[in-house]
Amino acid sequence: MRALRIHSNDAGKISSGLEEVSVTEAGVGEVLIRVAFSSINYKDALAATGAGKVVRGFPRIGGIDLAGVVEESSSPAFTPGQKVLVTGYGIGESSDGGYAEFARVKAEWVVPLPGELSLLESMIIGTAGFTAAQCIDRLQLLGVTPAQGKVIVTGASGGVGSQAVDMLAGCGYAVTALTGKRDAVNFLKELGAAEILMRDDVKMGTKPLETPLWAAAVDTVGGETLAWLTRTIQPFGAISACGLVGGTDLKTTVLPFILRDVSLLGIDSVNCPMAWRKHIWHRISTDLKPRHLQKIARRVTLDNLPGEFDAFLKGTAQGRTVVDIAPGLDK
Ligand SMILES: NC(=O)c1ccc[n+]([C@@H]2O[C@H](COP(=O)([O-])OP(=O)(O)OC[C@H]3O[C@@H](n4cnc5c(N)ncnc54)[C@H](OP(=O)(O)O)[C@@H]3O)[C@@H](O)[C@H]2O)c1
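Residues numbered from 1 in each chain as written. Predicted model: local features only at pLDDT ≥ 70, side-chain atom pairs only at ≥ 80, totals over all residues. Heavy atoms only, no water.

**Here we look at the side chain of D219**
Next up, step 1: Positionally, D219 belongs in strand β12 (residues 214-219).
Next up, step 2: Comment: no salt bridge for buried D219; closest opposite-charge side chain is R199, at 9.6 Å.
Next up, step 3: Reaching out from D219, the side chain makes a polar contact with the backbone nitrogen of V221 at a distance of 3.2 Å.
Next up, step 4: Setting aside its immediate chain neighbours within four residues, D219 contacts T154, T225, L226, L229, I239, S240, A241, C242 and G243. (Helix = DSSP H or I, 4+ residues; strand = E, 2+ residues; numbered from the N terminus. Buried < 20%, exposed > 50% of the residue type's maximum accessible area, 1.4 Å probe, protein only. Lys, Arg positive; Asp, Glu negative; His and termini not counted. Salt bridge = Lys/Arg side-chain N within 4 Å of Asp/Glu carboxyl O. Polar contact = N/O pair within 3.5 Å; in protein donor to acceptor, adjacent residues only side chain to side chain. Contact = heavy atoms within 4.5 Å.)

And the structure:
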């Protein structure tokens, strides 16, 4: 089978490329999946280029997302022909992932494809949309409703951000999209953003508490942006923090937490427990289903995959990039 594999040389230098690999090298587990689609996430770009040390164990087949059809299963939980998806659990990092024609994974990682989604739709959504939905689910558990005010999404034109904008607007929230891309304004308005803020135009201030602006936030950026959000969230508001494209440091004070009752919610899609995972996929396929999946998505082939990672590292990628591995499977 063909696969994109990641290697580390003796000096620890990372490289990746397309190779012919035996199906017996398609990972370890009870379920063999014929992969139809994968996708590209920021983390995939870090893994394939070595820009971030996210891969453990080499050589490694990349791809943190996959959707396809069960080829064989020694677990009674799955039957050949069944449509399934796998995201997280370290596939593409600590075990082999979705950038290959077959993937063997543990049965406990496999999610039956929700009936309302096609294999293609599930990979337009992928880890990015799953994470956006986790962020929103958490905010709603805390009681954030559209009546409370604006919800800001940072890194808004990216994979997580664009789907968070689409899902929140679909639920009736007034969404402010924070972006670095002037040419993404129309895209973000079409997804339902009520207001667009350009990253370069934001005056972040330095006070521990700034004028409250947002009922809630979905933050994919981290660093100074997340610190600014803690200072500008309204009393009793909340932030779902899932990303680090703007840095891993967080310099803030306790004042937003103890004087405004602000909640900072951590989001981890990789180790999300299966019961909550199934709940999130159910919501994604029903009330949170992004309304503009085709607008968000572009498709690339496995052949073109190696040339796609750079845009993610530069922050110029927009929306979601799906990798067609065997698209004919999506019947
Ligand atoms: N916690 C989890 O389980 C989880 C799951 C999925 C993703 N993530 C994280 O969430 C983040 C977004 O992932 P993704 O797959 O959506 O990535 P992506 O598609 O590459 O989107 C990232 C977006 O962030 C913005 N951006 C890029 N560089 C920036 C910078 N230096 N400062 C501020 N904004 C910048 C850009 O959007 P604009 O130009 O519109 O600002 C970019 O399109 C990543 O850090 C990823 O690791 C975490």
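What follows picks up the thread again.
**What to know about the site of the ligand**
Next up, step 1: With respect to spatial proximity, 28 residues lie near the ligand, and among them S157, V160, T179, R199 and S269 are the closest.
Next up, step 2: The contact in question runs from an oxygen atom of the ligand to an N or O atom on the backbone of L244, over 2.9 Å.
Next up, step 3: The contact in question runs from an oxygen atom of the ligand to an N or O atom on the side chain of S269, over 2.7 Å.
Next up, step 4: Coverage of the ligand by the protein amounts to 87% of the 920 Å² it exposes when considered alone. (Near = heavy atom within 4 Å. Areas by Shrake-Rupley, 256 points an atom, 1.4 Å probe, with all protein chains shown as cover.)

**As for a nonpolar patch on the surface**
Next up, step 1: Taken together, the side chains of V254, I258 and L259 define a hydrophobic patch exposed on the protein surface, amounting to about 330 Å² of accessible area.
Next up, step 2: Examined against the element boundaries, L259 turns out to sit in helix α6 (residues 255-259). (Patch = residues over 30% accessible without salt bridge, like charges linked within 9 Å, V, L, I, M, F, W, Y side chains within 5 Å.)

**Brief notes about the environment of A51**
Next up, step 1: On the secondary structure map, A51 appears in the loop between α1 (42-49) and β4 (60-61).
Next up, step 2: For A51, a relative accessible area of 52% gives the class exposed.
Next up, step 3: Discounting residues that sit within four places of it in the chain, A51 has contacts with L46 and L313.

**Re the sheet that holds strand β2 (residues 14-20)**
Next up, step 1: Spatial strand order, β2-β1-β4: three strands in an open sheet with antiparallel pairing. Of all strands in the sheet, those bounded by a partner on one side alone are β2 and β4.
Next up, step 2: Here strand β1 (residues 2-8) runs beside β4; their pairing, made up of two bridges, is antiparallel. Bridged to R5 within β4 is I61.
Next up, step 3: Sitting on the sheet, α1 is in contact with β1 and β2, with an inclination near 95° to β2. (Pairing = 2+ DSSP bridges. Axes fitted to C-alpha atoms, helices over the stretch in contact; angles between N-to-C directions.)

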